[in-house]
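Chains, contacts and geometry: an overview
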Amino acid sequence: MSVRLPPPKDFSDDDDAGRSDSESSESEDDDQNWDDWVSDSLNQVPCLSLFEEKTLPSVEETLLYDRTTHGFDLNSTCTKLSLDFHGRIRLINYIRKKKPSSADLNLLNGHESFFTSDDYLLPTLEDDPLLQVQPDDWSDEDEDEDIAETDPLRRIRTLEQKLQLAKRSLDEYRAFVAKKLDLGGSLDSPFQPEPSKVDTPSRDDDTHYFKSYAENDIHAVMIQDKVRTSTYAHFILTNPMLFRDATVLDVGCGTGILSLFAARSGAKRVIAVDASDIAERAARIVKANGFEDIITVIRGKVEEITLPDDIKQVDVIISEWMGYALLYESMLDSVLHARDRFLRPGGVMAPSQCKMEFALCDATEVFKDRIGFWDDVYGRCPLESGNVDTNRIVRF
């Protein structure tokens, strides 16, 4: 079914007749914009006092009431403390939430902790008109700078505020980076001048490395790799002649799964070693499976430990040391150290050999998607792919 609409009425004559009136009204509105209309409408909204349960007809009357009755001038305080838009919001929400006295508020210096807390960006009072209206005496940054040029004291205060803001932003960024990179509190300290290179401590790579294996997630990824884990299980459980009554060393035991396989295959003694916090969980897993009399979990680096009960050498060393591209997890050096230090002559290290193979392939599509893409972004915007260091691209 189709619907046909009649042609629209010709309003050209009406437009000509009303054009002169509209032009005059438009000229009157030239000095107003959307922000002015919104601000005017918000100023007429009933507003609750900052200090008591009293509602005034408008924002202006509320500010006047708080100034004359309670001795607190919100706009003057924001100006004195050089608060930006977000600082003003935090101050209003702080007053409504904590209900401080006007005397306490007049002692603020702008460095209080709530001025940097995102908790006070959330409205304490729903649809609070004070949060939506900007004072008329707020000026643009350029105007502020002009005033500061003629008033040295104000310029000093402005620069101090900018410095404090920059320091707070740096602290927040440092905390964000520390959280994302899992660096603990190493970047959480307040801003300090850069120390001399002589006093800079060297990075503790071992602590960072072992900390990355402390949680369950990474071990779940490895255990859920069925090809990898089932291959170890098949080798250990189908070679009882190798493991029966043997003393076994598990290097980098993680959750202890290889140690459990060795105990089930008949090992007389299994020593499981790991330097991360996961060793404590491995000990609990061993006990839950009833092998605490066979498996001993040692937390420490294999380069530094001493085998328990005066054991000097072991019959078998097992280790799940391979990472991405074989060498990623950087455990090979530790396994070789354990071999040279603890493995008896004629003992078995499993796995004892590995092989890396390379093959040529055409990576044209990979190059196009990751590098060539920047030369033609949606057909018109090259984004300087020349800045990409193609020498660091892995060629397959």
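Residues numbered from 1 in each chain as written. Predicted model: local features only at pLDDT ≥ 70, side-chain atom pairs only at ≥ 80, totals over all residues. Heavy atoms only, no water.

**Concerning the overall build of the protein chain**
Each helix and strand counted, the protein chain has 16 helices and seven strands in total. Relative to its full complement of 396 residues, the protein chain shows a buried share of 30%. At a minimum sequence separation of 6, the contacts of the protein chain that also span at least 24 residues come to 60%. Carbon and sulfur atoms make up 52% of the accessible area of the protein chain, which amounts to about 27,200 Å² in all. (Helix = DSSP H or I, 4+ residues; strand = E, 2+ residues; numbered from the N terminus. Buried < 20%, exposed > 50% of the residue type's maximum accessible area, 1.4 Å probe, protein only. Contact = heavy atoms within 4.5 Å. Areas by Shrake-Rupley, 256 points an atom, 1.4 Å probe, with all protein chains shown as cover.)

**Observations concerning the sheet that holds strand E3 (residues 247-251)**
Spatially, the five strands line up as an open sheet ordered E5-E4-E3-E6-E7, and their pairing is parallel. In this open sheet, the two edge strands, each paired with only one partner strand, are strand E5 (295-299) and strand E7 (343-350). On average, each strand axis in the sheet is tilted by 20° relative to the strand beside it, whichever way the strands run. Pairing between E3 and strand E6 (residues 314-318): three bridges, direction parallel. Its bridge partner lying in E6, Asp-250 is registered against Ile-318. (Pairing = 2+ DSSP bridges. Axes fitted to C-alpha atoms, helices over the stretch in contact; angles between N-to-C directions.)

**What to know about unusual backbone geometry**
The omega torsion of the bond from Ala-350 to Pro-351 falls at -5°, within 30 degrees of zero and hence cis. As for its position among the elements, Pro-351 is in the loop between E7 and helix H16 (364-370). Phi angles above zero are rare outside glycine, and Asp-310 is one such case at about 60°. Note that Asp-310 resides in the loop between E5 and E6. Residue Asp-310 is classed as exposed on the basis of its relative accessible area of 68%.

**Here's the deal with the pattern of salt bridges**
Applying the stated criterion to the full structure yields ten salt bridges. Arg-96 is paired through a salt bridge with Asp-128; the nearest N and O atoms lie 2.6 Å apart. Of this pair, Arg-96 sits in helix H5 (residues 85-98) while Asp-128 sits in the loop between helix H6 (102-105) and helix H7 (141-150); the two residues are 32 residues apart in sequence, bridging distant segments of the chain. Side by side, Arg-96 and Asp-128 carry an identical accessibility label, which is buried. A salt bridge links Arg-228 to Glu-320, with the shortest nitrogen-to-oxygen separation between them at 2.7 Å. With Arg-228 in helix H11 (residues 226-237) and Glu-320 in the loop between E6 and helix H15 (332-342), this residue pair connects regions lying 92 residues apart in the sequence. Across this residue pair, the class does not change: Arg-228 and Glu-320 are buried. Here the salt bridges do not stand alone but share partners, grouping Asp-277, Glu-280 and Arg-299 into one network. (Salt bridge = Lys/Arg side-chain N within 4 Å of Asp/Glu carboxyl O.)

**Digging into the packing of aromatic side chains**
Using the criterion set out here, one finds six aromatic pairs in the structure. On the numbers, 5.8 Å between centres and 70° between planes, the contact of Tyr-94 with Tyr-120 is edge-to-face. Of the two residues, Tyr-94 sits in helix H5 while Tyr-120 sits in the loop between H6 and H7, which places them 26 residues apart along the sequence. No difference in accessibility class separates Tyr-94 from Tyr-120, as the two residues are buried. Taken together, a centroid distance of 4.2 Å and an interplanar angle of 35° make the contact between Phe-114 and Phe-115 tilted. Each member of the pair, Phe-114 together with Phe-115, is buried. Every member of this aromatic cluster is reached through a ring pair, and the members are Tyr-94, Phe-114, Phe-115 and Tyr-120. (Phe/Tyr/Trp six-rings, centres within 6.5 Å; stacked < 30°, edge-to-face > 60°.)

**Concerning the side chain of Arg-96**
Residue classification places Arg-96 among the buried positions, given a relative accessible area of 7%. Residue contacts for Arg-96: discarding those within four places in its chain leaves Cys-47, Leu-48, Ser-49, Leu-50, Thr-124, Leu-125, Asp-128 and Leu-130.

**Focus on the side chain of Asn-93**
For Asn-93, the position within the fold is in helix H5. The residues touching Asn-93, leaving out its near neighbours within four places in the chain, are Tyr-120, Leu-121, Leu-122, Pro-123, Thr-124 and Leu-131.

**A few points about the pairing of E5**
Across five bridges, strand E4 (residues 269-274) lies against E5 in parallel orientation. Note on E5: the bridge partner recorded for Asp-274 is Arg-299. Handedness of the crossover joining E4 and E5 through helix H14 (residues 278-288): right-handed. (Right-handed = clockwise from strand over helix to strand, strands pointing away.)

**Comments concerning the confidence of the model for the protein chain**
Per-residue pLDDT for the protein chain has a mean of 77; in total, 69% of the residues score no lower than 70. Counting contacts from residues 392-396, a segment whose pLDDT is below 50, to residues more than four positions away or on other chains yields four contacts. (pLDDT = per-residue confidence, 0-100.)

**Some thoughts on the pairing of E6**
A large share of E6 lies buried, amounting to four of its five residues. Of the strand pairs in this sheet, E6 and E7 are connected by four bridges, and their pairing is parallel. The partner of Ile-318 across the bridge, within E7, is Ala-350.

**Concerning the nonpolar core**
Membership of the largest hydrophobic core comes to 23 residues, with the highest contact counts inside it found for Ile-236, Phe-243, Val-248, Leu-258, Ala-262, Ile-295 and Ile-318. Mapped onto this core, the elements with two or more residues apiece are H11, helix H13 (257-264), E4, H14 and E6. With six residues, the single largest contributor to this core is H13. In contact with Leu-258, other than residues within four places in its own chain, are Tyr-232, Ile-236, Asp-250, Ile-318, Ser-319 and Glu-320. (Core = buried A, V, L, I, M, F, W, Y, C linked by side-chain atoms within 4.5 Å.)

**Side note on the environment of Val-248**
With respect to the helices, strands and loops of the structure, Val-248 is situated in strand E3. Residues Val-248 and Val-314, 66 residues apart in the sequence, show an inter-C-alpha distance of 5.8 Å. The residues touching Val-248, leaving out its near neighbours within four places in the chain, are Phe-243, Ala-262, Ala-267, Arg-269, Val-270, Ile-271, Val-316 and Ile-318.

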